[in-house]
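Notes for the structure review
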Amino acid sequence: MNDGRSGTASGLRLYVNGSVYSAADPFATAMLVDGDTVAWIGSEQAAQSLRDDRMELIDLRGALVVPGFVDSHVHLTETGLALASLDLSAVRSARELLDAVSKAASALEAGATVFGHSWDESRWEDSTLPTLDELDRAAGGRPLYLTRIDVHSALVNRASLAVAGDLTGLRGTSGGAVLSLEAHAAVRQAVRRFSAAQREEYQKVALDAAARQGYVALAEMSGPTIAGMDDLRRAVAWNAVPGAGPRILPYWGEAVENVEQARALLEELDVPVLGLAGDLNIDGSLGSRTALLRADYADAPGNAGSQYLSAEAAAEHLIACTELGLQGGFHAIGDGALDVVVDALDRTSARLGESAVRRAGHRVEHAEMLDADHIAALVAHSVSVSAQPAFDAAWGGPDGMYAQRLGSRWAAMNPFADLYRAGVPLAFGSDAPVTPLRPWDSIRACLDHRSEGQGISARAAFIGHTRAGWRAARDSNPLNGQLVPGAPANFAVWEVESLMVQVADDRVASWSTDPRARTPLLPALDGAEPRCLQTVSEGVELYRSEAI
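Below is a summary of the structure that appears in this document. Note that this is a predicted model, so its numbers are computed, not measured.

Right, let's get into helix α4 (residues 132-139). Buried within α4 we find Leu 132, Leu 135, Asp 136, Ala 138 and Ala 139. Within α4, the buried residues cover an arc of 165° as seen down the axis, which keeps them to one side. Tucked inside the fold, the buried residues of α4 contact α3 (94-106), β10 (144-148), β11 (153-156) and α5 (158-164). Remark: Gly 140 follows α4 within two positions and exhibits a positive phi of approximately 60°.

On to the sheet that holds strand β20 (residues 491-495). Hydrogen bonding along the main chain pairs the strands of a sheet, whether they run parallel or antiparallel. Pairing within the open sheet is mixed, and its five strands lie in the order β2-β6-β20-β23-β24. At either margin of the open sheet sits one strand with a lone partner, and together these are β2 (19-20) and β24 (540-544). Where strand β23 (residues 531-537) lies against β24, four bridges are found, and the strand directions are antiparallel. Across the sheet, Gln 534 pairs through a bridge with Arg 544, a residue of β24.

This paragraph deals with unusual backbone geometry. Here the bond from Ala 432 into Pro 433 is cis, since omega is 15°, no more than 30 degrees from zero. Positive phi values are uncommon outside glycine, yet Ser 118 reaches one of about 75°. Within the secondary structure, Ser 118 is located in strand β9 (residues 114-119). In this model, Ala 367 sits at a positive phi of 45°, which is unusual for a non-glycine residue.

As for its placement among the helices and strands, Leu 292 is situated in the loop between β15 (275-276) and α10 (311-323). We classify Leu 292 as buried; its relative accessible area is 11%. Each C-alpha atom of the pair Leu 292 and Ala 376 lies 20 Å from the other, and the pair is 84 residues apart in sequence. Those residues in contact with Leu 292 that lie beyond four places of it in its chain are Asp 283, Ala 304, Gly 305, Ser 306, Gln 307, Gly 334, Asp 335, Gly 336, Ala 337 and Val 340.

Two quantities define a packed helix pair, namely the angle between the helix axes and the distance between the axes. For the pair α3 and α4, the least separation of the axes is 7 Å and the interaxial angle reads 30°. Classified by the interaxial angle, the pair formed by α3 and α4 is roughly parallel. Across from Leu 97, Leu 98, Val 101, Ser 102 and Ala 105 in α3, the residues of α4 making contact are Glu 134, Leu 135, Ala 138 and Ala 139. In terms of residue class, the contact of α3 with α4 is built from seven nonpolar, one polar and one charged.

What follows deals with the pattern of salt bridges. A full pass over the atoms with the stated rule returns 35 salt bridges. Linking Arg 405 and Glu 121 is a salt bridge whose minimum nitrogen-to-oxygen distance equals 2.9 Å. Of this pair, Arg 405 sits in helix α15 (residues 401-406) while Glu 121 sits in the loop between β9 and α4; the two residues are 284 residues apart in sequence, bridging distant segments of the chain. Taken individually, Arg 405 and Glu 121 each receive the classification buried, so the pair is uniform in this respect. Bridged by salt links that share partners, the residues Asp 120, Glu 121, Arg 123, Arg 148, Asp 150, Arg 289, Asp 299 and Arg 405 form one connected network.

Rules of the game
- Residues numbered from 1 in each chain as written.
- Predicted model: local features only at pLDDT ≥ 70, side-chain atom pairs only at ≥ 80, totals over all residues.
- Heavy atoms only, no water.
- Buried < 20%, exposed > 50% of the residue type's maximum accessible area, 1.4 Å probe, protein only.
- Helix = DSSP H or I, 4+ residues; strand = E, 2+ residues; numbered from the N terminus.
- Arc of directions from axis to C-beta.
- Contact = heavy atoms within 4.5 Å.
- Pairing = 2+ DSSP bridges.
- Axes fitted to C-alpha atoms, helices over the stretch in contact; angles between N-to-C directions.
- Parallel < 35°, antiparallel > 145°, perpendicular 65-115°, else oblique.
- Nonpolar A, V, L, I, M, F, W, Y, C, P; charged D, E, K, R; others polar.
- Salt bridge = Lys/Arg side-chain N within 4 Å of Asp/Glu carboxyl O.

Shown next, in the form of structure tokens:
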């Protein structure tokens, strides 16, 4: 493979002999790119009449050109670290986890930290976790930090606890090897004190991985307990390096109490964040039993999760953001957390007026346990939802983690069809490293939703992964996320087996399969995975396979 990077947007490129996904011409087979702009889209015959010696001719050989993907929720450094460290997603017991740690530790120099990720005891036949003694032995005296798949709890050993120091008084200590809440955050920060060069290396790994999957933009959800201001500044700095990777759409998740505090925080950040939003946590995660519920967890009576931010504090934050015309927003997963969000929105509207709230374009991340009242409130306040379809694929269904934690409540999770029908702006992402940067898998998850009646068509899911991502970030160019003349040249080329219209089921509103409906076609997702051949951001090539 050849990464094919270039420093600036090229001149004229004529793509021919393929398929172009465009509402302007659903039967287009050719596209002309002029620098950083889509100049023309049309038929093969018309392309031959346009062709001249100034153009670089690219034979698609039947490949599909689509708008580049936008991931509406990622953590760049964490994704790079995960790609470069021990993957525990396939382990199915404490014994397998310990064996994997022991093997990884033996390859490290003494004193180096063993980083691992994505263990998920909800998939184990015996969900018993390793003890401190067992993890100490497996790591061979090295510090150990293994995040659960949701990254809201972790397994540690005594060496990593020693690095963090005194955790007395912090919530989330169990007396054993698993940490959550504030204790987890403290150890996480202590063992991940990376140098600037290390952060840059991890971020570059993640950027390259995203480019190879057709992404042209990533919404980076940073915050004080995630990776810190220096990490966000480094992530944003990649935008000034042509061809370095997908464009970073930066958010900072830290609560403010008033406009003055918000202005001071923005000045301290010294990067053009799109909002004080993202992973500003109202609650935690379902897997770690820290998502805030109205009723107790089915497998943990007496525990209804954790609340990190009150409705009063959330309202003050939204009021400050609204007054500045800035996006505000929160991480909210459980129904109890979404009650807090709706309360905060109502308070903000009562203070500033509904039109001011709607203009601000606030957003909610994850929003997994929405009911009809939540959805109605989001519509009224013009709030976008950034959701992760792969969560449902991984944990939905009657035998999945949702059912373990919630009982029968699992069937109402991630109501994508209800959101679309109500008109809630819905953008999709991965929450990488929680789930992989694999956009077609995410679209398939929307089609094959585990809850009855909540699947959506491939086209609706595709829009959620492209155009809707730009809109959720309030991008100034209304043509971004489309391939039409005048649009930014943000696209990817994919090798596909066949193209078709795909709908979830006959109860979901969809587009006609009749050619006269002029519906652009997408890859058939019941066969081989589409393979990315080229990714282009604003006319600059981020990735090219040797096959194109």
